[in-house]
Amino acid sequence: MSSTPANYRTLLRTPGAAAFFLAGCVGRVGLAMTGLGIVWLVHARTGSYATAGLVTGCFAVTDALAGPQIGRLVDRFGERRVVPYALGAHAAAVALLFAGGPVPLAATAGALAGATLPQISALSAARWAALLRGTGQDAALPGAFALESLANGLSFLIGPALVSTLGAAGHPGLGSGVAAALVIGGGLAFTLQRRTAPPVADRGERRHAGRALRGPAFVGLVASTLALGVYFGAMQVSVSAYAVGRGTPDLAPVLYAVSNCTSLVGGWVYGVRRWRSGPGRQRVVAAAGLLLACVPLALLDAPVPMGCALALTGLAVPPLLAVTSVLTEAAVPRAVLTQAFTWLGSASAAGSAGAAALAGRAVDAGGAHAGFLVAVGAAGGVVVLAVPARLRVRGGWSRSSPRP
């Protein structure tokens, strides 16, 4: 680990960086509010959590499926010619949700809201790559992606808390309205920052770029992110089941807070240091650390040791996310980079959704510790997928060499 810091302040002083990053942060908070906001809104209108879950599920599925397609259009036509139209369609879908109506109409509106939601995190990551790559600041990319991880983590702390606060205060529909306003306002402000927008690749460059999305390097990263999504989904269910099973449901938010806070610390520390080891080794070390910290969760029972183990898992996650972004940026050409980042987000969402059902069954069969075993298995999968990539990197994989 080098003593030279990759300073966040220096990154944000890069011309144009602060403007698009801060605008993206506004939109990200809205993104983090949207799913839970739909739950509050639909339940308030129908009185049914089943209906609210159905509409939110439609939103989540179309969000995961359509995100890469929006990213593909952005890579082909540019942000300015795609994102404003997506935001307009999203506003119309949210308005349809507020209009109410029968369940099929609400489900359709939820699906449209998900299908038109731009993935601001992917757009922002692609901008950092365009801004820093090839300008003598390549070494700052890990710090930039760590900053992205921090922004995402803070958004998912602030957003759901804000929705729940508004709902508990007697305004169950206001969360969806605020979420839409933040997504649309932040998204438009982000898109207006034209000088940092990635250039659109020409037809010849696009013709061959798509092959990288089917290559083993990127497919391995997607599989690893899917496994990490399984870990996230299993942890959400298992931590709640652990707290409820002990008869202390109020313990669940405390345990979540411990993990989230150490996650922010881990992301901050990773981003402000410049690491001598390559991204392949960093990924293996972070994945192994996650697995080692996760194993005790399937064995421990006392709250304090459980909280310590969760704190350690939180430290390992942000470096893993940041280095995955670094490897993605190196694995695919710029002509498909936005699409590549959205595929990672979709893989994580799909893994999390599937794991919620899998871990739920495990908990029903064997208690919370059985659910934690699902998380341990997912963390082990991340390690297994990281090792071959480490060997390819050590063997000479670089952005200028043939894709592995």
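All values derive from a computational prediction rather than experimental measurement.

Moving on, we come to the overall build of the protein. The secondary structure content of the protein amounts to 15 helices and zero strands. Considering only C-alpha atoms, the protein reaches an extent of 55 × 50 × 35 Å along its principal axes. Classification of the 404 residues of the protein by burial places 50% in the buried group. For the protein, contacts bridging at least 24 residues in sequence account for 83% of all contacts bridging at least 6. For the protein, the accessible surface area stands at approximately 17200 Å², while carbon and sulfur atoms represent 67% of it.

A separate point is a nonpolar patch on the surface. On the surface, Val265, Trp268, Val269, Trp275, Leu312 and Leu315 cluster together to form a nonpolar patch covering roughly 540 Å² of accessible area. Those elements that place two or more of their residues in the nonpolar patch are helix 11 (251–272) and helix 13 (303–331). Checked against the element boundaries, leucine 312 lands in helix 13. Judged by relative accessible area, leucine 312 falls into the partly exposed class, the value being 49%.

A separate point is the packing of aromatic side chains. A ring pair, where both rings are aromatic, is described by two values, the distance of the centres and the angle of the planes. Scanning the entire structure with this criterion turns up six aromatic pairs. Plain terms: the ring middles of tyrosine 8 and tryptophan 268 are 4.7 Å apart, the flat faces sit at 55° to each other, and that makes the pair tilted. Remark: tryptophan 268 occurs in helix 11 and tyrosine 8 occurs in helix 1 (residues 8–12); sequence separation between them is 260 residues. Under the relative-accessibility criterion, tyrosine 8 is labelled buried at 6%. Relative accessible area serves as the criterion here: at 47%, tryptophan 268 is assigned to the partly exposed category. Measuring from ring centre to ring centre gives 6.0 Å for phenylalanine 20 and phenylalanine 190, while their planes differ by 90°; the resulting arrangement is edge-to-face.

On to the state of the cysteines, then. Taken as a whole and judged by the stated rule, the model has zero disulfides. Summary of cysteine pairing: cysteine 294 is not part of a disulfide, and the nearest cysteine sulfur, belonging to cysteine 308, is at 15 Å. Judged by relative accessible area, which is 0%, cysteine 294 ranks as buried.

Mapped onto the elements of the fold, alanine 209 is located in helix 9 (residues 203–209). A sequence separation of 169 residues divides alanine 209 from tryptophan 40, and the C-alpha atoms of the two residues are 42 Å apart. Aside from chain neighbours lying at most four places away, what touches alanine 209 is Pro333, Ala335 and Val336.

Moving on, we come to empty space enclosed by the protein. The full count for this structure, using the stated rule, is three cavities of 30 Å³ or more. Lining of the largest cavity is provided by Val74, Asp75, Gly78, Glu79, Pro198, Pro199, Val200, Ala201, Arg334, Ala335 and Thr338. A class-by-class count of the residues in the lining of the largest cavity yields six nonpolar, two polar and three charged. Roughly 60 Å³ of volume is contained in the second largest cavity. Thr34, Ile38, His90, Val94, Leu97, Ser176, Ala179 and Ala180 together form the lining of the second largest cavity. For the lining of the second largest cavity, the elements supplying multiple residues, two or more each, are helix 2 (17–46), helix 4 (83–99) and helix 8 (174–192). In terms of residue class, the lining of the second largest cavity is built from five nonpolar, three polar and no charged.

The next subject is helix 11. The end-to-end C-alpha separation of helix 11 is 32 Å, in line with the 32 Å expected for 22 residues at 1.5 Å each. Within helix 11 the residues assigned to the buried category are Leu251, Ala252, Leu255, Ser259, Thr262, Ser263, Gly266, Gly267, Tyr270 and Gly271. Down the axis of helix 11, the smallest arc covering the buried residues is 170°, so these residues share one side. Buried residues along helix 11 sit in contact with helix 1, helix 7 (141–168), helix 10 (216–245), helix 12 (279–294) and helix 13.

This paragraph deals with helix 5 (residues 103–115). Between its first and last C-alpha atoms helix 5 spans 18 Å; for 13 residues at 1.5 Å apiece the expected length is 18 Å, and the two agree. What helix 5 keeps buried is the set Ala106, Ala107, Ala109, Gly110, Ala111, Ala113 and Gly114. Of the surrounding elements, those touching the buried residues of helix 5 are helix 3 (49–77) and helix 4.

A grouping of Arg72, Arg76, Arg203 and Arg207 is seen on the molecular surface, where their side chains present a positively charged patch. Elements that contribute at least two residues to the positive patch include exactly helix 3 and helix 9. Given the relative accessible area of 62%, arginine 203 is considered exposed.

Thresholds, definitions, all that
- Residues numbered from 1 in each chain as written.
- Predicted model: local features only at pLDDT ≥ 70, side-chain atom pairs only at ≥ 80, totals over all residues.
- Heavy atoms only, no water.
- Helix = DSSP H or I, 4+ residues; strand = E, 2+ residues; numbered from the N terminus.
- Buried < 20%, exposed > 50% of the residue type's maximum accessible area, 1.4 Å probe, protein only.
- Contact = heavy atoms within 4.5 Å.
- Areas by Shrake-Rupley, 256 points an atom, 1.4 Å probe, with all protein chains shown as cover.
- Patch = residues over 30% accessible without salt bridge, like charges linked within 9 Å, V, L, I, M, F, W, Y side chains within 5 Å.
- Salt bridge = Lys/Arg side-chain N within 4 Å of Asp/Glu carboxyl O.
- Phe/Tyr/Trp six-rings, centres within 6.5 Å; stacked < 30°, edge-to-face > 60°.
- Disulfide = S-S within 2.5 Å.
- 1 Å grid on protein atoms, 1.4 Å probe; cavity = no way out; pocket = protein on both sides within 12 Å on 5 of 7 lines; lining within 4 Å.
- Points joined across faces, edges and corners; volume = space filled by probe spheres on them.
- Nonpolar A, V, L, I, M, F, W, Y, C, P; charged D, E, K, R; others polar.
- Expected span 1.5 Å × (residues − 1).
- Arc of directions from axis to C-beta.
- Lys, Arg positive; Asp, Glu negative; His and termini not counted.
- Charge placed at Lys NZ, Arg CZ, Asp CG, Glu CD.

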